[in-house]
Amino acid sequence: MTTGTVTRAEDAATAARPRTGRRPHRRPTLTLYTWLVLAWLLLPIAVMVLFGFNDTHSKVNFTWQGFTLTWYRHLFALPNLTSALVNSLTVALVVTVVATLLGTPIGLALGRHRFRGRGSVDLLLFAAIAAPEIALGAALLSLFIVLGVPRGYWTIVIAHVAFCIPYVAITVRARMAGHDPTLEEAARDLGAGPWTAFRLVTLPALLPGVASGALLCFALSIDDYIITSFNAGRTVTFPLWVYSASRTGVPPQVNVMGTLIFVGGLVIAGANVLFARRRAA
């Protein structure tokens, strides 16, 4: 081997060696673009929070007239708005529980077993997610009319459960794909029964996926408008009330309620992240 060959080999080894102590090259254009996109996404939320403190004296809450906490103190001053918010919250809670209970076994079966018709189930789940909401709303409306089911609170619940189950199933399935099945087999070898092994080994590993699917269901249900408008009947939810009020003027209490819902979502999501990190540690 010649000296030149040895030198080239050493140069190649040096180039392949990972570099430490050097900062990665920054791209200011990409960083600026990222911050601009984030600002654009957060701007409507910031406006909603800000105008929840607006001391407006008219039905139109579009002009800043001063700072006040009046609307937080009189949050439930409008009975119809309060009733609509309660409907949205209770529907979202019921839908979250039911969809999570129904979707988790589906995701577990898809991620754990191979069976005839598995591809068809996958296609059905993704089709339900990809389908336009107006198509789902119209289909569910036709179903309720054919069956003679009066539209109201429970038809909203049924409709929301129908489009939330696929999200839970796919989230749990994705979590199950990263689960090591040998852990449960080891528990069985050590004398644990099927239910004990599932409860102590598999279920704790699935909990982050189940929690993520449940939070996604709650978020999708509480702010749904299109499917709800098709199947609500005389029941009014928070999005329906806000849309109807936008024709004459949205009161500041809507901004306050939206702010509280947003903050509540942040708290729950943060708690979920902390819980996942603690389990990983």
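Residues numbered from 1 in each chain as written. Predicted model: local features only at pLDDT ≥ 70, side-chain atom pairs only at ≥ 80, totals over all residues. Heavy atoms only, no water.

Asker: Which parts of the structure should I look at to understand a nonpolar patch on the surface?
Answerer: Together, Leu30, Tyr33, Trp35, Val37, Leu38, Trp40, Leu41, Leu42, Leu43 and Val47 give the surface a local cluster of nonpolar side chains, amounting to about 1,100 Å² of exposed area. Of note, Val47 is situated in helix α2 (residues 28–51). Taking the relative accessible area as the measure of exposure, Val47 reaches 38% and is therefore partly exposed. (Patch = residues over 30% accessible without salt bridge, like charges linked within 9 Å, V, L, I, M, F, W, Y side chains within 5 Å. Areas by Shrake-Rupley, 256 points an atom, 1.4 Å probe, with all protein chains shown as cover. Salt bridge = Lys/Arg side-chain N within 4 Å of Asp/Glu carboxyl O. Helix = DSSP H or I, 4+ residues; strand = E, 2+ residues; numbered from the N terminus. Buried < 20%, exposed > 50% of the residue type's maximum accessible area, 1.4 Å probe, protein only.)

Asker: I'm lost on helix α4 (residues 79–112) in this one. Help?
Answerer: Residue pairs spaced three or four apart in an α-helix point in one direction, given the helix's 3.6 residues per turn. When the terminal C-alpha atoms of α4 are compared, their 49 Å separation across 34 residues agrees well with the 50 Å that a helix rising 1.5 Å per residue should span. At Thr100, α4 shows its maximal bend, which comes to roughly 25°. (Expected span 1.5 Å × (residues − 1). Bend = angle between axes of the 7 residues up to and from the residue.)

Asker: Can you help me understand the side chain of Thr259 in this one?
Answerer: Its location among the elements puts Thr259 in helix α12 (residues 252–280). When its relative accessible area of 6% is taken as the criterion, Thr259 is described as buried. In this structure, Thr259 is in contact with Met48, Val49 and Tyr72, ignoring residues within four places of it in sequence. (Contact = heavy atoms within 4.5 Å.)

Asker: Would you take a moment to explain the packing of aromatic side chains for this structure?
Answerer: The description of an aromatic ring pair uses the distance of the two centres, along with the angle that the planes make with each other. Considering all chains together, one arrives at five aromatic pairs under this definition. With a centroid separation of 5.0 Å and 25° between ring planes, the pair formed by Phe53 and Tyr72 is classed as stacked. In this pair, Phe53 sits in the loop between α2 and α3 (70–73) while Tyr72 sits in helix α3, placing the two residues 19 residues apart along the sequence. Among the aromatic side chains, those forming a connected cluster through ring pairs are Phe53, Phe67 and Tyr72. (Phe/Tyr/Trp six-rings, centres within 6.5 Å; stacked < 30°, edge-to-face > 60°.)

Asker: Mind showing me how you'd approach the nonpolar core here?
Answerer: Soluble globular proteins tend to pack their nonpolar side chains together in the buried interior. Val95, Cys164 and Leu206 are the most contacted members of the largest nonpolar core, which totals 23 residues. Elements represented by at least two residues in this core include exactly α4, α6 (133–147), α7 (153–177) and α9 (194–222). The element that contributes the greatest number of residues to this core is α7, accounting for ten residues. The contacts of Cys164, once residues within four sequence positions are left out, are Val95, Ala99, Cys217 and Leu220. If you look at the next biggest cluster of nonpolar residues, it comprises twelve residues, including Leu75, Leu85, Val256 and Met257. (Core = buried A, V, L, I, M, F, W, Y, C linked by side-chain atoms within 4.5 Å.)

Asker: Please explain the packing of α4 against α9 as it appears in this structure.
Answerer: Helices that pack against each other are described as a pair by the angle of their axes relative to one another and the distance between those axes. Between α4 and α9, whose axes approach to 8 Å, the crossing angle comes to 135°. With respect to their mutual orientation, α4 and α9 come out oblique. Crossing hand, α4 versus α9: right-handed. Where α4 abuts α9, its residues Ser88, Leu89, Val91, Ala92, Leu93, Val95, Thr96, Ala99, Thr100, Thr104, Leu108 and Arg112 lie against Phe198, Thr202, Leu206, Val210, Ala214, Cys217, Phe218, Ser221 and Ile222. (Axes fitted to C-alpha atoms, helices over the stretch in contact; angles between N-to-C directions. Parallel < 35°, antiparallel > 145°, perpendicular 65-115°, else oblique. Left-handed = near helix turned anticlockwise from the far one by under 90°.)

Asker: Can you help me understand the state of the cysteines in this one?
Answerer: By definition, a disulfide links two cysteine residues through a covalent bond between their sulfur atoms. All chains considered together, the criterion is met by zero disulfides. Between Cys164, a free cysteine, and Cys217, which holds the nearest cysteine sulfur, the sulfur-to-sulfur gap is 4.0 Å. Classification of Cys164 as buried rests on a relative accessible area of 0%. (Disulfide = S-S within 2.5 Å.)

Asker: In this structure, what is going on with the UniProt feature "transmembrane region" (unreviewed entry) in the chain? I would like to understand it.
Answerer: Under the UniProt annotation, the feature "transmembrane region" (unreviewed entry) is placed at residues 32–53, 89–111, 123–147, 153–176, 197–222 and 256–275. The span residues 153–176 is 100% helix and 0% strand, and its two end C-alpha atoms sit 34 Å from each other. Between the first and last C-alpha atoms of residues 256–275 the distance is 28 Å; the span itself is 100% helix and 0% strand. (UniProt positions renumbered as here; feature names shortened; annotations may be inferred.)

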